[in-house]
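Structural features, examined
These are the residues of each chain, in order.
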Amino acid sequence: MKIIGIDIGGANTKLASADGEIIELHYIPLWKDTRLQTALEDMAEEHRPDGVGVVMTGELADCFEDKEAGIRFIMGAVENAFNCDIRYVDIEGQFYDGSGDLRKLAAANWAASANLIGAEIGDCIFVDIGSTTSDIIPIKNGKHIAGISDFSRLVRSELVYSGILRTNVACLLDTLDMAAGKCRVSSELFATTGDAYLVLNDIEEDTFTCDTADGAGKSKTDAMRRLARVICADIMEVSPEDIYHIAEQVRDKQVSVLTEAISVVAQRNELDRIVSAGLGEFLIRDAAEKLGLECISVAQKWGDGISRVFPAYAAARMFDEDVLKENRA
């Protein structure tokens, strides 16, 4: 059987096959276009799977009245696109049987990941940083012991709403240390974290898959221009060194916030190793080093591509293993 997993987020839809041979990432911002249906139809036509495992976080997009409306929209798009066995992973890391609270499907992509990490690696803190958010999931005895909603995970430091590409720099930093002195930042969407990591060579242009703050290009010069605007300047007013230092401070702040959150989760659950995944593995390594914790890389174990679409891959693997169990029975 050909099994694929699909992770439908508010900004990105990711796809992976259970054998890891197919890896795709599509920028589909649900709040401003309706391309999800046609994109899924294209995937169905190209891959013709026998089964699809689905996880989602896109139900939180503010184009939906509430989470249930978002879940129903996503389910409808999937079921209209694929003519095969479709199974949805719920927040408990199980396949939803169609009964009970539909909201159990909300923000459940990390639960699929936790299943796979728990089975193959064991007790750890699974940290996955994508374009928008950072999941910090405690796993013990093969199962996650995290909160069962985004709200509860925010309270427990298991979710940090900060990512590698889309986070507004002004949400991270109130002030910046410049050569001219401490400078307050403008509370506008002038630059995002993706700009900082382009300047620092942590990501490449083709990794910057989402829209930029100004809708302009994704070269280093474009990124420097946007970062300069954060202090109400342009590249004629501040030096390249100053802009590079802005990017460094963005990186330092994200590492600091991540380190603090991981520390809270580690101490609460008495866990002393991290498994890193996602576009932001490089930040997770820095946080682990600051905390003195062992860090196991998903990219090194399964490959960089799978690391970046890990919930989709985990959903596909979960479906594949479920089919094997059914066949044995």
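As a reminder, the structure under discussion sits directly above these lines.
These lines cover the structure that appears in this document, whether it is placed above or below. (Residues numbered from 1 in each chain as written. Predicted model: local features only at pLDDT ≥ 70, side-chain atom pairs only at ≥ 80, totals over all residues. Heavy atoms only, no water.)

Structural notes on empty space enclosed by the protein
Enumeration according to the criterion identifies 1 cavity of 30 Å³ or more in this entry. In this structure, the largest cavity encloses a volume near 50 Å³. Lining the largest cavity, in full, are Ile 129, Ser 134, Val 160, Ser 162, Gln 254, Val 257, Leu 258 and Leu 283. If you tally residues by element for the lining of the largest cavity, the top one is helix α8 (residues 240-269), at 3 residues. (1 Å grid on protein atoms, 1.4 Å probe; cavity = no way out; pocket = protein on both sides within 12 Å on 5 of 7 lines; lining within 4 Å. Points joined across faces, edges and corners; volume = space filled by probe spheres on them. Helix = DSSP H or I, 4+ residues; strand = E, 2+ residues; numbered from the N terminus.)

Some thoughts on the packing of α8 against helix α9 (residues 281-291)
For any two helices packed against each other, one specifies the inter-axial angle together with the distance between the axes. For the pair α8 and α9, interaxial distance at closest approach is 9 Å and the crossing angle is 60°. Here α9 runs oblique to α8, going by the angle between their axes. α8 and α9 meet at a crossing whose hand is right-handed. Across the interface between the two elements, Arg 251, Gln 254, Val 255, Ser 256, Leu 258, Thr 259, Ile 262 and Ser 263 from α8 touch Phe 282, Leu 283, Ile 284, Asp 286, Ala 287, Lys 290 and Leu 291 from α9. (Axes fitted to C-alpha atoms, helices over the stretch in contact; angles between N-to-C directions. Parallel < 35°, antiparallel > 145°, perpendicular 65-115°, else oblique. Left-handed = near helix turned anticlockwise from the far one by under 90°. Contact = heavy atoms within 4.5 Å.)

Brief notes about a nonpolar patch on the surface
A contiguous nonpolar patch, built from Leu 60, Leu 154 and Tyr 161 and spanning about 300 Å² of accessible area, is present on the exposed surface. Here Leu 154 shows up in helix α4 (residues 150-155). (Patch = residues over 30% accessible without salt bridge, like charges linked within 9 Å, V, L, I, M, F, W, Y side chains within 5 Å. Areas by Shrake-Rupley, 256 points an atom, 1.4 Å probe, with all protein chains shown as cover. Salt bridge = Lys/Arg side-chain N within 4 Å of Asp/Glu carboxyl O.)

Side note on the layout of surface pockets
Volume-wise, the largest pocket comes out at about 690 Å³. Around the largest pocket, the lining is made up of 35 residues, and of these Gly 10, Thr 57, Thr 132, Thr 133 and Tyr 161 lie nearest the centre. Taken together, the residues that form the lining of the largest pocket break down as 12 nonpolar, 13 polar and 10 charged. Within this model, the second largest pocket holds a volume of roughly 310 Å³. If you list the elements that add at least two residues to the lining of the second largest pocket, you get α3 (109-120) and α12 (310-328). Considering every element that reaches the lining of the second largest pocket, the biggest residue donor is α12, with 6 residues. (Nonpolar A, V, L, I, M, F, W, Y, C, P; charged D, E, K, R; others polar.)

Describing the side chain of His 144
Following the sequence through the fold, His 144 ends up in strand β8 (residues 143-144). A relative accessible area of 14% means that His 144 is categorised as buried. Polar contacts involving the side chain of His 144 include one to the main-chain carbonyl oxygen of Ile 91, which spans 3.0 Å. Only 3.2 Å separates the side chain of His 144 from the backbone nitrogen of Ala 146, close enough to count as a polar contact. Those residues in contact with His 144 that lie beyond four places of it in its chain are Ile 91, Glu 92, Trp 110, Ala 111, Ala 114, Ile 137, Pro 138 and Ile 139. (Buried < 20%, exposed > 50% of the residue type's maximum accessible area, 1.4 Å probe, protein only. Polar contact = N/O pair within 3.5 Å; in protein donor to acceptor, adjacent residues only side chain to side chain.)

Overview of helix α2 (residues 67-81)
Side chains that are three or four residues apart share a direction in an α-helix, a result of its 3.6 residues per turn. Spanning 15 residues, α2 covers 21 Å between terminal C-alpha atoms, matching the ideal 21 Å at 1.5 Å per step. Within α2, the full set of buried residues consists of Gly 70, Ile 71, Ile 74, Met 75, Ala 77, Val 78 and Ala 81. Taken end-on, α2 shows its buried residues confined to a sector of 160°, consistent with a single buried face. The exposed residues of α2 that point more than 90 degrees off its buried face are Arg 72 and Asn 80. (Expected span 1.5 Å × (residues − 1). Arc of directions from axis to C-beta.)

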